[in-house]
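Residue-level listing of the chains:
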Amino acid sequence: MCRDCGCSLGPAAARAPFAAQPATKGRIESIEVITAILDENDRVATHNRAHFDGHGVLAVNLMSSPGSGKTSLLEATIKALQGELKVAVIEGDLATENDAARIRACGVPAIQITTGNACHLDAQMVHDALDDLPLDGLDVLFVENVGNLVCPASFDLGVHRNLTLLSVPEGDDKPAKYPVMFRGADLALITKVDLLPHIEEFSVGRARDSLREVGFRGDIIELTRRGGPGFEAWLGWLRSEVAARRAAAA
Amino acid sequence: MCLAVPMKITGIDGFNATCEAKGIQREVSLFMLQGEPVAIGDHVLIHVGYAIQKISAEEPALPGTCSTKCSSMHELAICQALIEQVQRVARDNAARRVISVTVSVGPLSGVEAKLLEHAYPLAAAGTVAEHAQLVVVTVPVRVRCRTCKAESEAAANRLLCGSCNDWHVDVIAGEEMLLQRVEIETADEPVH
């Protein structure tokens, strides 16, 4: 190692133990592989999906920035569907059990995955959480991903539907800034629309155009958790997805 | 950039230690921590095979340390999956070492080539691919227009037809995240 700055260069003699390259003696071969790098995650995801299908449970992954209203939406949804659909939630966060506690307070089972410093959930984490979560009798399992618009997009969890939330205070250019996340979603929810009168910078039209430009092809629902036609449209979407899942399982 | 990984020491032998994080074991060097005695059970930050700093067990989860630098952590998780595959190829082909690993990555895969290159040495440390060169081939995004049938290159956040500007397009390239090729040296002596 270089004595001046600690870099890995420096006099050859001093470098030798750090750059321990064996002298080439063997045969060199080039092996064509061509496999998806995340094929192990994808394998576990397929297994998770089969597990959900076996129980006739609709599994939905919620993704967004931190603070765009995932947990609040779940709280309002659970209350609105009380007695109609049986719901459980897997919560992903870097730290704390706060979100799981909020969901349990609504009277439904919640498993908290604290990822430590990992920025996303992967299929194996969801699989492990399922050990503690009986699926019998459930209609919907929500997976609330770690609040992050970058990393969760690359990992299939084995859910049936991916949702991305975009809240009004975040700005209408989020899809253009984080195209991979929004493109991969099946449904986009523009949340906190009750704040539109106070945040004139946000244009729903521009947000919709931005979603189309990044290749998002699903439905877009504008809503606030406080109720109204958008919230009813969201519940309607959920009901029809549950019905489709039941029909597929029957 | 979050290029150091917090790990827990599970064994110490002189200047070498065995560390563990998320079920992954690594042999690391304690050479850089000579002024700071460490013991089994301590948490340390690992950077390219070296423990560089002793940390408290809670520190990794604190905001402002690793959690805010998450994007390189996500590339690290992908590199770890990549290394698993490379190790399998190396094992199946009786490789003595891996010389190079070629991957192809499209902008729509959500992976940054630069961050992948930074994360690779961390994931490869202590494996047969430790000194291998990582070659990242970046595949541009291409779309085919459903309206005018033209094929064109597109930006990841503007998937429009380059010819007629319509958004009714199908992505035909740019989503891939593939291990393409592994170049290895086998244990055999060359036959003359």
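Look up: the structure comes first, before these words.
As the structure is a prediction and not an experimental result, all values here were calculated from the model. (Residues numbered from 1 in each chain as written. Chains lettered and ligands numbered in written order. Predicted model: local features only at pLDDT ≥ 70, side-chain atom pairs only at ≥ 80, totals over all residues. Heavy atoms only, no water.)

*Asks:* Now, about the packing of aromatic side chains: what can you tell me, with residues and values included?
*Replies:* How two aromatic rings sit relative to each other is set out by the distance from centre to centre and by the angle between their planes. Following the criterion strictly, the structure yields 3 aromatic pairs over all chains and no others. Measuring from ring centre to ring centre gives 5.9 Å for tryptophan 234 of chain A and tryptophan 237 of chain A, while their planes differ by 15°; the resulting arrangement is stacked. Placement of both tryptophan 234 of chain A and tryptophan 237 of chain A in helix α9 (residues 229-249) is noted, with a separation of 3 residues, approximately one turn of the helix. For tryptophan 234 of chain A, a relative accessible area of 0% gives the class buried. Accessibility expressed as a relative area gives 11% for tryptophan 237 of chain A, which makes it buried. Taking the centre distance of 5.7 Å and the plane angle of 75° together, the rings of phenylalanine 15 of chain B and phenylalanine 31 of chain B count as edge-to-face. Here phenylalanine 15 of chain B is found in the loop between β1 (5-13) and β2 (16-21), whereas its partner phenylalanine 31 of chain B is found in the loop between β3 (24-29) and β4 (43-47), with 16 residues between them in sequence. Overall, the relative accessible area of 39% leaves phenylalanine 31 of chain B in the partly exposed class. Each member of the aromatic cluster is reached from another via a ring pair, and the members are Phe142, Trp234 and Trp237 of chain A. (Phe/Tyr/Trp six-rings, centres within 6.5 Å; stacked < 30°, edge-to-face > 60°. Helix = DSSP H or I, 4+ residues; strand = E, 2+ residues; numbered from the N terminus. Buried < 20%, exposed > 50% of the residue type's maximum accessible area, 1.4 Å probe, protein only.)

*Asks:* Can you lay out the interface of chain B and chain A for me, pointing to particular residues and giving the numbers?
*Replies:* Between chain B and chain A, the contact holds 52 residues from the first and 43 residues from the second. Here chain B and chain A share an interface that buries about 4,200 Å² over both sides, 57% of which is from carbon and sulfur atoms. A per-residue breakdown of the area chain B buries against chain A is headed by His131, Asn157 and Trp167 of chain B, which together make up 13% of the total. For the pair chain B and chain A, the number of links is 3 salt bridges. With its nearest N and O atoms 2.7 Å apart, the salt bridge here joins glutamate 32 of chain A to arginine 181 of chain B. When residues of the side of chain B that touches chain A are assigned to their parent elements, the largest contribution, 11 residues, is made by helix α1 (residues 70-92) of chain B. Grouping the amino acids of the side of chain B that touches chain A by side-chain chemistry returns 30 nonpolar, 11 polar and 11 charged. (Contact = heavy atoms within 4.5 Å. Buried area = accessible area lost by both parts, 1.4 Å probe. Salt bridge = Lys/Arg side-chain N within 4 Å of Asp/Glu carboxyl O. Nonpolar A, V, L, I, M, F, W, Y, C, P; charged D, E, K, R; others polar.)

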